[in-house]
2 protein chains.
Amino acid sequence: MITVAIVEDDGDIRESLALLINGTPGFSCINAYGDCETALDGIVEDPPDVVLMDVGLPGMSGIEGIRLLKERLDEINLLVLTVHDESKLVFDALCAGACGYLLKDTPPAKLLEAIRETYEGGAPMSTQIARMVVGSFRINPHTALTQRETEVLEQLCKGKSYKMIADTLFISEETVRRHIKHIYRKLQVGSKSEAVAKALKEKLVFAL
Amino acid sequence: MITVAIVEDDGDIRESLALLINGTPGFSCINAYGDCETALDGIVEDPPDVVLMDVGLPGMSGIEGIRLLKERLDEINLLVLTVHDESKLVFDALCAGACGYLLKDTPPAKLLEAIRETYEGGAPMSTQIARMVVGSFRINPHTALTQRETEVLEQLCKGKSYKMIADTLFISEETVRRHIKHIYRKLQVGSKSEAVAKALKEKLVFAL
DNA sequence: ATTGCAATGACCCATTTGGGGGATACAAGA
DNA sequence: TCTTGTATCCCCCAAATGGGTCATTGCAAT
């Protein structure tokens, strides 16, 4: 028996979800909350296997709710269920600790499957969300930087100083300076940390 | 009809996969390659809807193969199918441009479903891979940093200078220096770029 | 009440960094 | 052939940064 708690401000939706879950063998909705504040206490008090949470809530933002909940109950499995598919919201939810993200057009059978998958250690996402998430890893292949400049930028992204980069790449510190000047011009930045920020934001280098 | 190409060095597995795909209505395996080199030319010449690729290949690394293929055919849908579940390999594959990652214990029905999902714009992953991927977004909540220090670190991660941070947070540049000194002590680093690198690697801050 | 921590601000000084020159060598093209 | 681009190195100098010490305020816990 997989126990579920619902956090959803719309009473109708909350009702239907509870009915769906309770009407399915092997699933049980043990609680349903209308806002984050009461949900937080209730869930900590009586933790379900899986939390199903809307993120478009009134009052406390759903994202903040996720963060606080995971802070108190690190192990809790939390699945976002929402109509919102803006990338900022998706990534904020995952950063806050959600372990899955479903859109509200998910058919009931898929929803139940996702709850089970979450319970079993998976991370279900609606297809378009999954594509966004996976796409966020993609390295930007269209770089104006040369091979060597990219190597230097990678070193910068590891936090190395001019001297350390010079030692690593077996070139003089002066040459490192020169490469970095070129990098700054091409990326339109003016400092190491700005270059690192841009490189990581635009995925110009591998790893970190 | 969804067309598929296979890149897999083991002849037996290659055979079975081709048989499975060709034996299923709606799917057609139009090519099967034993190594990356020939696969690259063949796939560019005659692109399938979905490429199914092993990453434990002899010769050219599968990761490099993905990178080169995506460089020439940016739109291609590439699904990794492998026994390897080490996180480095998973993230390298996604960074290189794979749009899904399946382990070889995936049952045939799931595999076909994943191919279809890929074709339809999804990003299928085995459950444990999905959890790794989603988990990689999680912010590290156990920070030794104070609230204010975290705010300063966030600014650093945006590439701001002392002066800009001071203006943003409405404090003097000297106070920024002070906070940064504390950050350096706690993170055991000695420069902005090193702090940024560590903050991002260990997910100490939101976003970028 | 006292202690401790967070946040604020200041001064000094050595090192690193950023931006401006110039120069050589080598390889790929126009 | 001459130009262009990449990679290498050197000098100068001003600004930014990193590290040290010191001090005040307010708040929370002891």
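Please read these numbers as outputs of a predicted model, since none were measured by experiment.

Asks: Would you mind going over the side chain of K70(B) with me for this structure?
Replies: You can see K70(B) is positioned in helix 3 (residues 62-72). A polar atom in the side chain of K70(B) sits 3.0 Å from the backbone oxygen of D74(B). When sequence neighbours within four positions are dropped, the list of residues in contact with K70(B) reads R138(A), I76(B), A96(B) and G97(B).

Asks: What exactly am I supposed to notice about the pairing of strand 5 (residues 100-103) of chain A here?
Replies: Side-chain direction in a regular strand flips from residue to residue, so the side chains alternate between the two faces of the sheet. Residues and elements named next belong to chain A. Along strand 5, one buried face is formed by G100 and L102 and the opposite face, lined by Y101 and L103, is buried too. The pairing of strand 4 (residues 77-82) with strand 5 spans four bridges and is classified as parallel. Opposite T82, over in strand 5, you have L103 as the bridge partner. Following the backbone out of strand 4, through helix 4 (residues 87-96) and into the adjacent parallel strand 5, one traces a crossover that is right-handed.

Asks: Help me understand helix 6 (residues 127-135) of chain B, please; the structure alone is not making it clear to me.
Replies: An α-helix turns once every 3.6 residues. As a result, residues three or four positions apart point the same way. By the burial criterion, the buried members of helix 6 of chain B are I129(B), A130(B), V133(B) and V134(B). Along helix 6 of chain B, the residues classed as buried sweep out an arc of 130° about the axis, all on the same side. Each element contacted by the buried residues of helix 6 of chain B is listed here: helix 4 and helix 6 (127-135) of chain A together with helix 4 (87-96) and strand 5 (100-103) of chain B.

Asks: Quick question: what am I supposed to make of helix 1 (residues 11-22) of chain B here?
Replies: Residue and element names in this part refer to chain B. Over its twelve residues, helix 1 extends 16 Å from the first C-alpha to the last, a length consistent with the 16 Å expected when each residue adds 1.5 Å. All of the buried residues along helix 1 are L17, A18 and I21. Viewed end-on, helix 1 has its buried residues packed into an arc of 100°, placing them on one side of the element. Facing away from the buried surface of helix 1 by more than 90 degrees, the exposed residues are D12, E15 and L19.

Asks: Please explain the packing of helix 7 (residues 147-157) of chain B against helix 9 (residues 173-187) of chain B as it appears in this structure.
Replies: The description of two helices packed together rests on the angle between their axes and the distance between the axes. Residue and element names in this part refer to chain B. Viewed as axis vectors pointing N to C, helix 7 and helix 9 meet at an angle of 90°, and their least axial separation amounts to 10 Å. Classed by the angle they form, the pair helix 7 and helix 9 counts as roughly perpendicular. Where helix 7 abuts helix 9, its residues R148, E149, V152, L153 and L156 lie against H179, I180, H182, I183, K186 and L187. For the contact of helix 7 with helix 9, the per-class residue count stands at six nonpolar, two polar and three charged.

Rules behind the numbers
- Residues numbered from 1 in each chain as written.
- Chains lettered and ligands numbered in written order.
- Predicted model: local features only at pLDDT ≥ 70, side-chain atom pairs only at ≥ 80, totals over all residues.
- Heavy atoms only, no water.
- Helix = DSSP H or I, 4+ residues; strand = E, 2+ residues; numbered from the N terminus.
- Polar contact = N/O pair within 3.5 Å; in protein donor to acceptor, adjacent residues only side chain to side chain.
- Contact = heavy atoms within 4.5 Å.
- Buried < 20%, exposed > 50% of the residue type's maximum accessible area, 1.4 Å probe, protein only.
- Pairing = 2+ DSSP bridges.
- Right-handed = clockwise from strand over helix to strand, strands pointing away.
- Arc of directions from axis to C-beta.
- Expected span 1.5 Å × (residues − 1).
- Axes fitted to C-alpha atoms, helices over the stretch in contact; angles between N-to-C directions.
- Parallel < 35°, antiparallel > 145°, perpendicular 65-115°, else oblique.
- Nonpolar A, V, L, I, M, F, W, Y, C, P; charged D, E, K, R; others polar.

Everything listed here is a matter of geometry and, on its own, says nothing about what the molecule does.
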